[in-house]
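Architecture and fold: a report
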Amino acid sequence: MAVTLVEQVRKAGVVGAGGAGFPTWKKIDARADVVVANGAECEPLLHNDQYLMSREAERVVRGVELVMTAAGAERGIIGLKEKHRDAVAAFRRALRRRPHVRLAFLENAYPSGDEFVIVYETTGRVIPEGGLPLDVGVVNSNVETFRNIADAADGRPVTERTVTVAGAVRRPVCLSAPIGTSLADLIDAAGGPAEEEYALMIGGLMMGKLSRDAAQPLLKTTGAVIVLPPDHRLVRRRTVPFTRSLHVTREFCCQCMLCTLICPRYLLGHELYPHLIMRSVLFGLPFPEGGGRTSAHLCCECELCGLYICPMELPIARINGNIKRNLDALGWAPQKKTAAPAPRALRESSRVVTRRLVWRLGLQPYEAAVPFREEPLRPRSVKIMLRQNVGAAAEPCVRKGQRVRKGQLVAAAPAGKLGANHHASIAGVVREVRDYVRIDAA
Ligand code: SF4
Ligand code: SF4
């Protein structure tokens, strides 16, 4: 019996490379009429997707075509920005005589890569509240995921990823690195930190995670490592205790409504009113009342409201995230609406151009040319984390002292559960098996 694409992708350990880490085999095991590749790359300072697209456009298109065939889709769309000229030129070459896949140019705005936003921008369809792209007949994923799908179909597992190393480093760089490379090795590849003390924003400055641990490994979901001085406002903001965040919100929210008027989900027509959520915090309520609960669940935690528009710089996304997790813990699930809303008229004039965001966040000193490093990175050791995905952690299938070759399965998704396989990203000897598999180069 022929092996299906879903099985090839499951075997190869492909997960959403845009940051979410949802196992791709599960996502593409569906029927849809449109397949969308997300090449928006809307977070400031990032370059990895544009390099991947300019260098591997053919493979990305191949991945889109494979998913189209598997899902029964008639159309493929690659969403990217026109300003990424090399990527656009590479796709134009790759798409000759392939009319079933087309390019869609996205505004140079944040967050144009948000799942709901890109599905609307590329197809004109609004995902209903509590819904998924599949609810409007769309399968979508990041461009690197589609490249990995094409590789999976050729029998190649995920062992590397493209990553941007930028911010307060001596020579910002974009490179392809083995999964499990330490962030310290990546920072070294960028000439080392420009500051003696620094913090790391992993994944991006707006939606990424703050860390001070450069020993941690590169995951399949890590598209960027941004180094910042420890007193940068983006770092300070994330180190405030949550109780303090609630306190400042109660003290300082003036109910100006600007957070709502700029919110990308509100502008798509969803019933998300962050100022009302802040009002309920103002009154000391543990959760917003009634529909407000659904409201918090609609927040994608893009941080645009708090970082860009709120005159008090209040931690709105953080509070929404906390409400969502509290509701999840209570077993509350949002009800999916069947009707898709109509985008609000205000949307056309409320987009936030990425350039303005860079200025507002004080990131101009870090805007620099970011070349692609051709020379492969050869770390002496890698740590393959067992959990790099939504769902269950993988189970190790190698033992200490065992020799492994690059691409060999080292941890398998548990049977019958949502999960992902992980493979050796370098050839070497297994030195540790914990919640990761450490391999030292042979
Ligand atoms: S923008 Fe800030 S101050 Fe204004 S309503 Fe929203 S949270 Fe309150
Ligand atoms: S973080 Fe703010 S702007 Fe972004 S979706 Fe949530 S409420 Fe809207």
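What you see is a predicted model; the values in this text were computed from it and never measured.

Reading guide: rules and limits
Residues numbered from 1 in each chain as written. Chains lettered and ligands numbered in written order. Predicted model: local features only at pLDDT ≥ 70, side-chain atom pairs only at ≥ 80, totals over all residues. Heavy atoms only, no water. Near = heavy atom within 4 Å. Nonpolar A, V, L, I, M, F, W, Y, C, P; charged D, E, K, R; others polar. Helix = DSSP H or I, 4+ residues; strand = E, 2+ residues; numbered from the N terminus. Contact = heavy atoms within 4.5 Å. Pairing = 2+ DSSP bridges. Axes fitted to C-alpha atoms, helices over the stretch in contact; angles between N-to-C directions. Expected span 1.5 Å × (residues − 1). Buried < 20%, exposed > 50% of the residue type's maximum accessible area, 1.4 Å probe, protein only. Domains from an automatic or database assignment. Buried area = accessible area lost by both parts, 1.4 Å probe. Salt bridge = Lys/Arg side-chain N within 4 Å of Asp/Glu carboxyl O. Patch = residues over 30% accessible without salt bridge, like charges linked within 9 Å, V, L, I, M, F, W, Y side chains within 5 Å. Areas by Shrake-Rupley, 256 points an atom, 1.4 Å probe, with all protein chains shown as cover. Parallel < 35°, antiparallel > 145°, perpendicular 65-115°, else oblique.

The next subject is the site of ligand 1. All residues adjacent to ligand 1 are Cys253, Cys254, Gln255, Cys256, Met257, Cys259, His275, Met278, Cys310, Pro311, Leu314 and Ile316. Partitioned by chemical class, the residues of the shell around ligand 1 number ten nonpolar, two polar and no charged.

What follows concerns the side chain of arginine 98. In this fold, arginine 98 is placed in the loop between helix H4 (85-94) and strand S3 (101-106). The contacts of arginine 98, once residues within four sequence positions are left out, are Glu58, Val61 and Glu65.

This paragraph deals with the sheet that holds S3. The strand order S3-S2-S1-S5 describes an open sheet built from four strands, whose pairing is parallel. A single partner strand is all that each edge strand has here, and the edge strands are S3 and strand S5 (138-142). On average, each strand axis in the sheet is tilted by 25 degrees relative to the strand beside it, whichever way the strands run. Pairing of strand S2 (residues 75-81) with S3 involves six bridges; the strand directions are parallel. Bridge pairing in S3 links lysine 81 to leucine 106. Along the sheet, helix H5 (residues 115-123) contacts strand S1 (34-39), S2, S3 and S5; its crossing angle with S1, the most-contacted strand, is approximately 120 degrees. Those strands touched by helix H6 (residues 143-153) are S1 and S5, and its axis lies near 95 degrees from that of S5.

This part is about helix H15 (residues 316-329). The end-to-end C-alpha separation of H15 is 20 Å, in line with the 20 Å expected for 14 residues at 1.5 Å each. The complete set of buried residues in H15 reads Ile316, Ala317, Ile319, Asn320, Gly321, Ile323, Lys324 and Leu327. Phi for glycine 331, located one or two positions after H15, is positive at around 80 degrees.

Here we take up the domain arrangement of the chain. Splitting the chain by domain gives domain 1 (5-153), domain 2 (240-343) and domain 3 (380-442). Put simply, the middle of domain 1 and the middle of domain 2, counted by C-alpha atoms, are 28 Å apart. The partner domain 2 presents 18 residues to the 13 residues of domain 1 that form the contact. Buried surface at the junction of domain 1 and domain 2, summed over both partners, amounts to about 1400 Å²; 65% is from carbon and sulfur atoms. Looking only at domain 1, the three residues that lose the most surface to domain 2 are Tyr110, Val126 and Glu129, adding up to 47% of its buried area. Run the count over domain 1 and domain 2 and you get one salt bridge.

Attention now moves to a nonpolar patch on the surface. Residues Met257, Leu258, Leu261 and Leu346 make up a contiguous nonpolar surface patch of roughly 260 Å² in combined accessible area. Its location among the elements puts leucine 261 in helix H10 (residues 258-262). Residue classification places leucine 261 among the partly exposed residues on the basis of a relative accessible area of 30%.

Next up on the list: the packing of helix H1 (residues 5-12) against H6. Two quantities define a packed helix pair, namely the angle between the axes and the distance from one axis to the other. Packing of H1 against H6 brings their axes to within 8 Å, and their N-to-C directions diverge by 100 degrees. When the axis of H1 is compared with that of H6, the two are roughly perpendicular. Along its contact with H1, which presents Leu5, Gln8, Val9 and Ala12, the element H6 presents Ile149, Ala152 and Ala153. For the contact of H1 with H6, the residue count by class is six nonpolar, one polar and no charged.

Another point: the pairing of strand S15 (residues 409-412). Two elements, strand S13 (residues 395-396) and S15, share two bridges in a ladder whose sense is antiparallel. The residue of S15 that forms the bridge with glutamate 395 is alanine 412. Relative to strand S16 (residues 422-423), S15 runs antiparallel, the two sharing two bridges. By the bridge assignment for S16, alanine 411 is matched with histidine 422.

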